Amino acid sequence: MRVHNFCAGPCVLPEAILLEAQSEFVELNGSGMSLLEMSHRSPLYEEIHEAARARSKSVFGVPDDFEVLFIQGGAMLQFSMVPMNFLQGEAGAYVDAGSWGSKALADARMYGEAYAAWNGDQESPSRMPNQGEVEIRPGTRYLHVTSNETIGGVRMVEWPEVEVPMIGDMSSDYMSRPIPWDRFDLVYGGVQKNLGPAGMAVVFIRTSTLENTSRNLGTYLRYDIHADNRSLFNTPPVFTIWMTGKMLKWIEDEGGLPEMEMRTKQRAARIYDTIEASGGFYTSPVARRDRSLTNVVFNLSNAEMETRFVAQAEKNDLVNLKGHRSVGGVRASLYNAMPMEGVEALVAFMHEFQRENG
Ligand SMILES: *Cc1c(COP(=O)(O)O)cnc(C)c1O
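This text gives an overview of the structure that appears in the document. Bear in mind the structure is a predicted one, so any value in this text is a computation, not a measurement. (Residues numbered from 1 in each chain as written. Predicted model: local features only at pLDDT ≥ 70, side-chain atom pairs only at ≥ 80, totals over all residues. Heavy atoms only, no water.)

Further remarks concern helix α8 (residues 303-315). With 13 residues, α8 extends 19 Å between its outermost C-alpha atoms, agreeing within 8% with the 18 Å of an ideal straight helix rising 1.5 Å per residue. Along α8, the residues classified as buried are M305, E306, F309, V310 and A313. End-on view of α8: buried residues confined to an arc of 135 degrees, all on one side of the axis. Turned more than 90 degrees from where α8 packs its buried face, E304, T307 and K315 sit exposed. Elements in contact with the buried residues of α8: β11 (295-298), β12 (318-319), β13 (330-333) and α9 (340-357). Between the side-chain oxygen of the N-cap and the backbone nitrogen of E304 there are 3.1 Å, and the N-cap of α8 in question is N302. Positive phi shows up at D317, right after α8, with a value of about 65 degrees. (Helix = DSSP H or I, 4+ residues; strand = E, 2+ residues; numbered from the N terminus. Expected span 1.5 Å × (residues − 1). Buried < 20%, exposed > 50% of the residue type's maximum accessible area, 1.4 Å probe, protein only. Arc of directions from axis to C-beta. Contact = heavy atoms within 4.5 Å. Polar contact = N/O pair within 3.5 Å; in protein donor to acceptor, adjacent residues only side chain to side chain.)

What follows is the structure, given as structure tokens:
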């Protein structure tokens, strides 16, 4: 029996694609072998690879002047690849609104000048910067933003209006909202949050920037090499690409990005409405405007009550609701494949728990 899984990552996947993968796993399409044993230069794999590449762009509405790359190492390798490839003597500006933005900034400092163009460390309630608060210094190559801080549950609702191109870590709300592509040079996300199993990042890079990305790097670290080789420069993570391809097809069949965006809003609204209607039994530590739609973080009156909530939820097959160890509290991650019935089950449990403990 499958439970309601609110894990922040890896994410829940649609049961339909798990079953489909199971049925195709041992022998793929009459080839006499599984995908995992197949040459990544074979026609059968080639078809899977190209379909996943094409759907990454079509589902997300990515314009023609962007190249899609599948790169192992998750989102965190991008914390290094971005400054390695782009800085080249210029500076990187970072919006630091939570744990992931901080980590991206710390990694960038290993490779050149990088600074916080806005720092949200001391903000309570936690939030994203307002327009005009992001300060860009002369000689800045890009502004790096985290569209959704997975741990704090804070979402960038409005993109900062700045003169430099942006680079976005969109791991935890990947393909659940439209993107103003003209403002970005690069967008990336680890697929395991909203899009598939762990094993790679999907990176969209503005093709014209590839002329100037660094050549003074080990080959795997160069964006231009991945682009020239259609992400087949070395052995790609075939299982992850296969599953991500299935997930993209599922998104397409369900109604595409507009449908994902609508469901994302609906799921989050149900939980936030329950928090708001609880008379202070449940509280959100995040400024109302900036509340995440994919990672709903909330608190109860004290840590002991939160522990009891999480434990009792688990007995009701609502699992992985414990907040990140660095911030505590409760976190319900509501990714693309979370069905509304999972959300309704959580809402019903929240009401019941409040009745018993309020
Ligand atoms: C999880 C996460 C990461 C790290 O992703 P990995 O793929 O595990 O490296 C980076 N950024 C954000 C916003 C995340 O949620």
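Before going further, it helps to spend a moment on the packing of helix α1 (residues 15-25) against helix α6 (residues 238-254). Two elements in contact, α1 and α6, have axes whose closest approach is 10 Å; the angle formed by their N-to-C orientations is 135 degrees. Taken together, α1 and α6 sit at an angle that is classed as oblique. The two elements α1 and α6 cross, and the hand of that crossing is right-handed. Residue-level inspection shows I17, L18, E20, A21, E24 and F25 of α1 in contact with α6, the latter providing F239, W242, M243, K246, M247 and W250. When its residues are assigned to classes, the contact of α1 with α6 shows nine nonpolar, no polar and three charged. (Axes fitted to C-alpha atoms, helices over the stretch in contact; angles between N-to-C directions. Parallel < 35°, antiparallel > 145°, perpendicular 65-115°, else oblique. Left-handed = near helix turned anticlockwise from the far one by under 90°. Nonpolar A, V, L, I, M, F, W, Y, C, P; charged D, E, K, R; others polar.)

Another aspect to go through is a nonpolar patch on the surface. A cluster of nonpolar residues, F25, V26, L36 and F239, forms a patch on the protein surface that exposes about 370 Å² of accessible area. In this fold, V26 is placed in the loop between α1 and α2 (43-60). (Patch = residues over 30% accessible without salt bridge, like charges linked within 9 Å, V, L, I, M, F, W, Y side chains within 5 Å. Areas by Shrake-Rupley, 256 points an atom, 1.4 Å probe, with all protein chains shown as cover. Salt bridge = Lys/Arg side-chain N within 4 Å of Asp/Glu carboxyl O.)

What follows deals with the pairing of strand β4 (residues 113-119). Across a regular strand the side chains alternate sides, sitting on one face of the sheet and then on the other. Pairing of strand β3 (residues 91-96) with β4 involves six bridges; the strand directions are parallel. Residue pairing for β4: A93 is matched across the bridge by Y115. A crossover connection joins β3 to the parallel β4 through helix α4 (residues 99-108); in handedness this β-α-β unit is right-handed. (Pairing = 2+ DSSP bridges. Right-handed = clockwise from strand over helix to strand, strands pointing away.)

Attention now moves to the packing of aromatic side chains. In total, this model carries 22 aromatic pairs according to the counting rule given. Ring plane angle 55 degrees and centroid distance 6.2 Å describe the contact between F281 and F353, whose orientation is recorded as tilted. Linking F281 in the loop between α7 (256-276) and β11 with F353 in helix α9, this pair joins segments that are 72 residues apart in sequence. Consider the rings of F298 and F309, whose centres lie 5.8 Å apart with planes at 85 degrees: the pair is edge-to-face. With F298 in strand β11 and F309 in helix α8, the pair connects residues that are eleven residues apart, well separated along the chain. The residues F298 and F309 share a single accessibility class, namely buried. Every member of this aromatic cluster is reached through a ring pair, and the members are F281, Y282, F298, F309, F349 and F353. Lying over the aromatic face of W100, K103 brings its terminal NZ or CZ to 4.8 Å of the ring centre. (Phe/Tyr/Trp six-rings, centres within 6.5 Å; stacked < 30°, edge-to-face > 60°. Lys NZ or Arg CZ within 6 Å of the ring centre and 35° of its normal.)

A word on the nonpolar core. Ranked by size, the top nonpolar core spans 89 residues in total, and within it F60, L143, F204, I271, F298 and F309 carry the most contacts. Top contributing element to this core by residue count: α6, with eight residues. Mapped onto the domain boundaries, this core takes at least three residues apiece from domain 1 (16-254) and domain 2 (256-357). Sequence-distant contacts of F298, that is, excluding residues within four places in its chain, are made with I271, I275, Y282, T283, P285, F309, G329, V330 and M350. A104, I151, I205 and A227 belong to the second-largest nonpolar core, a separate cluster that totals 25 residues. (Core = buried A, V, L, I, M, F, W, Y, C linked by side-chain atoms within 4.5 Å. Domains from an automatic or database assignment.)

Moving on to the pattern of salt bridges. With the rule as written, the count across this model stands at 25 salt bridges. R263 is the salt-bridge partner of E259, the closest N and O atoms lying 2.9 Å from each other. Taken together, the residues span about one helical turn, with E259 and R263 both in helix α7 at a distance of four residues. Classification of E259 as partly exposed rests on a relative accessible area of 23%. Sharing partners across several salt bridges, the network here consists of E46, E50, R53, E67 and R230.

In this structure, H49 sits in helix α2. Excluding anything up to four places from it in sequence, H49 contacts F70, R230, S231, L232 and I241.

As a structural note, the neighbourhood of the ligand is formed by 13 residues, with M76, T150, D169, Q192 and K193 the closest of them. With respect to the ligand, the side chain of D169 contributes an N or O atom lying 2.6 Å from a nitrogen atom. The contact in question runs from an oxygen atom of the ligand to an N or O atom on the side chain of Q192, over 2.9 Å. Bound to the protein, the ligand loses 88% of the 380 Å² it would expose on its own. Considering every element that reaches the shell around the ligand, the biggest residue donor is helix α3 (residues 74-86), with four residues. Along the lines of polarity and charge, the residues of the shell around the ligand split into four nonpolar, seven polar and two charged. (Near = heavy atom within 4 Å.)

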